[in-house]
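So the chains spell out like this:
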Amino acid sequence: MNKNDFITTLKRRLKHLPKEDFEDAIAYYTEYLEEMGVDAQSDVTSKLGTPEDAAREIIANCTEKHINNQKEKGSIKNSTTIIRMTILAILASPIAIPLAAAAIALLAVILCTFIILILTLGFMGVALAGSGILLFISILFAVGIAQKLVCCGLGFLFLGVGILLMLATILLSRSYACAIAALFQKMFIRKKVES
């Protein structure tokens, strides 16, 4: 692999790095190759290794640099950059595709489980409220005053618990949707660079 192919492959592997880190890495390797005095057609992988290995090392160094910067600042302001850098470091490894697939599958299962739990609470609330209404209707068919009072009491109980479960479902679904939206916004939407 000649030096132009090396730099092209390295650029493709590092395209998701923050702009400053990307430019620094490409400038470093370009200068290094020029200082080596290698002609345009010579194989540089024997001296530098593969561009994939270089990309893994650069991503690991950049991740470590961002983590150290965050520790020095004592804040969590740049946590999305560190999360992205960590994901890039994982994806640069040879076993990344199966691990990423497993992580995505696990995340999908967790999301579906929470959705099913919320829906179950909602259906239980509707069923209990409906049972309460049916118990009120059954007062008309009850024989004695004791049966009417029991139907009335159970009707209020079931209706109340059903309404509470439906309200809990609404609140949980709202907070769950907000949490998911915030997570995706933090992980995938880059903040605008302040100029």
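An account of the accompanying structure is given in this report. (Residues numbered from 1 in each chain as written. Predicted model: local features only at pLDDT ≥ 70, side-chain atom pairs only at ≥ 80, totals over all residues. Heavy atoms only, no water.)

What follows concerns the side chain of K3. Looking at the secondary structure, you find K3 in helix α1 (residues 3–13). In this structure K3 is buried but unpaired, with E34 as the nearest side chain of opposite charge at 6.3 Å. (Helix = DSSP H or I, 4+ residues; strand = E, 2+ residues; numbered from the N terminus. Buried < 20%, exposed > 50% of the residue type's maximum accessible area, 1.4 Å probe, protein only. Lys, Arg positive; Asp, Glu negative; His and termini not counted. Salt bridge = Lys/Arg side-chain N within 4 Å of Asp/Glu carboxyl O.)

Bringing the packing of α1 against helix α2 (residues 19–36) into the picture now. Orientation of α1 relative to α2, taken along the N-to-C sense of each, is 170 degrees, at an axis distance of 11 Å. Classed by the angle they form, the pair α1 and α2 counts as roughly antiparallel. Like other packed secondary-structure pairs, α1 and α2 cross with a definite hand, here right-handed. Contacts between α1 and α2 pair K3, F6, I7, L10 and K11 from the former with F22, I26, Y29, T30 and L33 from the latter. The class makeup of the residues in the contact of α1 with α2 is seven nonpolar, one polar and two charged. (Axes fitted to C-alpha atoms, helices over the stretch in contact; angles between N-to-C directions. Parallel < 35°, antiparallel > 145°, perpendicular 65-115°, else oblique. Left-handed = near helix turned anticlockwise from the far one by under 90°. Contact = heavy atoms within 4.5 Å. Nonpolar A, V, L, I, M, F, W, Y, C, P; charged D, E, K, R; others polar.)

Moving on: the packing of aromatic side chains. In total, this model carries five aromatic pairs according to the counting rule given. Between the aromatic rings of Y28 and Y29, the centroid separation amounts to 5.3 Å while the plane-to-plane angle is 90 degrees, which identifies the pairing as edge-to-face. Look at Y28 and Y32: their rings are 6.0 Å apart centre to centre, the planes differ by 15 degrees, and that puts the pair in the stacked class. Taken as a pair, Y28 and Y32 lie in helix α2 at a separation of four residues, close to a single helical turn. We classify Y32 as partly exposed; its relative accessible area is 35%. (Phe/Tyr/Trp six-rings, centres within 6.5 Å; stacked < 30°, edge-to-face > 60°.)

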